[in-house]
Amino acid sequence: MSVAAPRPVSIPPVAARRRRTDRIMRGVLLVMTLIALVPLVLVVYYLLKQGLGAISWDFFTTDPTGRFLGDPGGIRSAIIGTILIVGLATLIAVPIGIGVALYLVEYGKKSWFAQAVRYFVDVMTGVPSIVFGLFIYIVLVLTGVGGTFAGWKGSVALALLGLPIVTRSAEVVLALVPNSLREAALALGAPRWRVVFRIVLPTALPGLITGSLLAVARAAGETAPLLFTAFAVNGTTWDLGQQMNSLPIQIFNDVRQPQANIVERAWGAALTLVAMILILTLIARAIQRRSRYA
Amino acid sequence: MSTEPGEVREEERTRPTVATPSPLRTPEAPRAAAHVQSHARTVVLEGLHAYYGDTHAVRGVSITFAANEVTAMIGPSGCGKSTVVRCINRMHEEIPGARTEGRILLDDKDIHAKDVDVVSVRRVIGMVFQKPNPFPTMSIYDNVAAGLRLSGQRGNFKERVEQSLVGAGLWEEVKDRLGAPGIGLSGGQQQRLCIARTIAVEPEVVIMDEPASALDPISTLKIEELVQELKKRFTIIIVTHNMQQAARVADKTAFMLSGELIEFGPTDKLFTNPDKKETEDYVTGKFG
């Protein structure tokens, strides 16, 4: 290298045109984000405005009276019904969903059968919730299996709705478990099923819980699958074999009434439902933050 | 392999191992002086071919890995050296579309024989990987005990864990925090943890696939010293792309190129007076 004359450093400033384009694009994106926020803010605003007035201790501890005049009562039966119905739906959907995901990730892989299952899971995700309700109505309610309307039939409908969501999220989380861990375990002389249960599942556990909770939260807010499966009653029941009240159904019925205090109860129930789902989501996020993978 | 630890080595070595269904000694058995007990066996490759789908990655490799010796596999990236060792504990077949031809003998037992369970092959032929891969959900103790638990053993592994950590040269550094997570250790410590995990199941052959390539020089030195200790107990096969490392640790060295074994012999000879032109070019740094 010969000693050359020092070259002047040439880093020109950002062109005015590019700076202008940048500013416009930022502005456009910001406005779109704000537009998306408007309905969200309004929903929360109206929920609080209309719903907070209904909330009281009695609101949570009494059942709907069913009277058109006077005290309409609270939503105890709806809260308990939602917890029971969604709880049973979770017990059905989560083990099966995780099982399907384990099959897809650990055994099925790229086989045509696994690909077909993946495709159907995707299709199921897009099926409207009322179709699941209708399906259970035809298969379990009309046929009179164990009576007509029952809480557990609502659970089955919600489980069908949640199953593809659990499966999809679990598959993603399981696929994130590094292959090096499976290899390490296999190289130690572990049978495949032990690798799955001792290594893969524990490693993916936080993500699996998060995905399941989000699916549960989604199912908890569904009205259509419960309309003609669990039906609605006023009184509290702990028996999933009976007709059962639930928050979405309570809202659906109350908001159609002319009396202001019953409509107010719908708002209160809606606020309660949103709060319950929010709590689930927060738990899911807290668990996710503690996990290493996913 | 239901061998009692006190038994003589010669007697044991005449016995075929892999097919025997109960491959592991009980953890309660007296382990006194176990770390000098050698279970090493000879591994023989006869015309080994390995494929990934249509890719012919290993083309007719025949080598004898002698018991209680360190054999290094060297060669440029993609020459098939890792594939060869992954065939030896049958990890190769885990990859979809992968298959092998030819014979792999552990002493006189063909590890691909119909009556051989792949799981027991891997219990007898352990493997340490390039990147340290302790189980992230487990403590140091549980990581070492993992191999025993994963093969269905229950009970208290305290002694076995300690011996394995001593054997891997990690005991002094971790003895006060066995309950701490394994991934909290440094890279070099993690790799020695993985070695402890591998030797805890008392294999007869230990494969190391570039065990130090992700480590700093001091950790690398520790691993190399450890290899010298381990060869008293095991047959060691070590893949490395570092020729100095091969020269430092290996009794014999195999040089591979494009899926073929070019030369195999005592390390000194291979590095100072190789028979083949390609070997000489490689060890003198003309390519690769």
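Not measured: the values here are computed from a predicted model.

Draft legend 1. Just the overall build of chain A, in detail. In terms of helices and strands, chain A carries 11 helices and zero strands. Overall, chain A shows an N-to-C arrangement of helices and strands of α-α-α-α-α-α-α-α-α-α-α. Relative to its length of 294 residues, chain A is extended, with a C-alpha radius of gyration of 26 Å against a globular reference of 19 Å. For chain A, the spread of C-alpha atoms along the principal axes amounts to about 100 × 60 × 30 Å. Counting across all 294 residues of chain A, residues that qualify as buried make up 39%. A separation of at least 24 residues holds for 76% of the contacts in chain A among residues at least 6 apart in sequence.

Draft legend 2. Broad picture of the overall build of chain B. Along its length, chain B carries 11 helices and 10 strands. Within chain B, the proportion of its 288 residues that are buried is 48%. A sequence separation of at least 24 residues applies to 72% of the contacts in chain B between residues at least 6 apart.

Draft legend 3. The arrangement of the environment of Pro136 of chain B in detail. Residue and element names in this part refer to chain B. Along the chain, Pro136 turns up in the loop between strand E6 (125–128) and helix H4 (140–150). Look at Pro136 and you get partly exposed, because 18 C-beta atoms sit within 10 Å. Note: C-alpha distance between Pro136 and Leu270 (134 residues apart in sequence) is 40 Å.

Draft legend 4. Seen up close, the pairing of strand E3 (residues 70–74) of chain B. All names here are of chain B. Judged by how many residues are buried, E3 sits mostly within the fold: five of five residues are covered. The alternating pattern of E3 places Val70, Ala72 and Ile74 and Thr71 and Met73 on opposite faces, both of which are buried. Pairing between E3 and strand E8 (residues 235–239): four bridges, direction parallel. Looking at the pairing, Thr71 lines up with Ile237 of E8. Taken together, the four bridges between E3 and strand E9 (residues 252–257) define a ladder with parallel strand orientation. The residue bridging Thr71 from the neighbouring strand is Lys252, located in E9.

Draft legend 5. Summary view of the sheet that holds E3 of chain B. Residues and elements named next belong to chain B. Pairing is mixed across the open sheet formed by six strands, whose spatial order is E6-E7-E8-E3-E9-E10. Of all strands in the sheet, those bounded by a partner on one side alone are E6 and strand E10 (260–266). Within this sheet the neighbouring strands show an average axis-to-axis angle of 20°, counted without direction. Sitting on the sheet, helix H7 (residues 187–200) is in contact with E6 and strand E7 (205–209), with an inclination near 175° to E6.

Draft legend 6. Region of interest: the interface of chain B and chain A. Taken together, the contact pairs 23 residues of chain B with 19 residues of chain A. Broken down by secondary-structure element, the contributors of at least two residues to the side of chain B that touches chain A are helix H3 (118–124), E6 and H4 of chain B. Its residues assigned to classes, the side of chain B that touches chain A shows 10 nonpolar, seven polar and six charged.

Draft legend 7. Broad picture of helix H2 (residues 81–88) of chain B. All names here are of chain B. A large share of H2 lies buried, amounting to eight of its eight residues. Every buried residue of H2 is accounted for by Lys81, Ser82, Thr83, Val84, Val85, Arg86, Cys87 and Ile88. One or two positions beyond H2, positive phi appears at Arg90, with a value near 60°.

Draft legend 8. Local environment of the sheet that holds strand E5 (residues 109–110) of chain B. Residue and element names in this part refer to chain B. Strands sit in the order E2-E1-E4-E5 across an open sheet of four strands; the sheet is antiparallel. Only two strands of the sheet have a single neighbouring strand rather than two, namely strand E2 (55–65) and E5. For strand E1 (residues 43–52) and strand E4 (residues 98–106), the ladder comprises eight bridges, and the chain directions are antiparallel. Counted as the bridge partner of Glu46 is Arg103 from E4.

Draft legend 9. Structural detail: the packing of helix H3 (residues 76–108) of chain A against helix H4 (residues 112–126) of chain A. Residues and elements named next belong to chain A. For the pair H3 and H4, the least separation of the axes is 10 Å and the interaxial angle reads 150°. Between H3 and H4, the interaxial angle falls into the category roughly antiparallel. The crossing of H3 and H4 is left-handed. Where H3 abuts H4, its residues Val100, Leu104 and Gly108 lie against Phe113, Ala114, Val117 and Arg118.

Cut-off values and rules
Sequence order sets the numbering: in each chain, residues are counted from 1 along the sequence as written. As a convention, the first chain written is A and the first ligand written is 1, with the rest following in written order. Since the coordinates come from a predicted model, pLDDT governs what is reported: local features require at least 70, and pairs of side-chain atoms require 80 or more to be given and counted, while whole-chain, interface and lining totals use all residues. Secondary structure elements are taken from DSSP: a helix is a run of H or I of four residues or more, a strand is a run of E of two residues or more, and numbering for both begins at the N terminus. Note that the radius of gyration is over C-alpha atoms, with the globule rule given as 2.2 Å times the number of residues to the power 0.38. Each residue is classed by its C-beta neighbour count within 10 Å, where at least 20 other C-beta atoms makes it buried, 12 or fewer makes it exposed, and intermediate counts make it partly exposed; the C-beta atoms are placed from backbone geometry. A residue pair is marked as a contact if its C-beta atoms, positioned from the backbone, fall within 7 Å. Two strands are said to pair when DSSP picks up at least two bridges between them. Each axis is a line fitted through C-alpha atoms, and for a helix only the stretch in contact is used; angles between axes span 0 to 180 degrees, taken between their N-to-C directions. Three residue categories are used. Nonpolar comprises Ala, Val, Leu, Ile, Met, Phe, Trp, Tyr, Cys and Pro, charged comprises Asp, Glu, Lys and Arg, and polar comprises the others, including Gly. Geometric relationships in this document are graded by angle, where less than 35 degrees denotes roughly parallel, more than 145 denotes roughly antiparallel, 65 to 115 denotes roughly perpendicular, and other angles denote oblique. Crossing handedness is read from the near helix: turned anticlockwise from the far helix by less than a right angle, it gives a left-handed crossing, and turned clockwise, a right-handed one.

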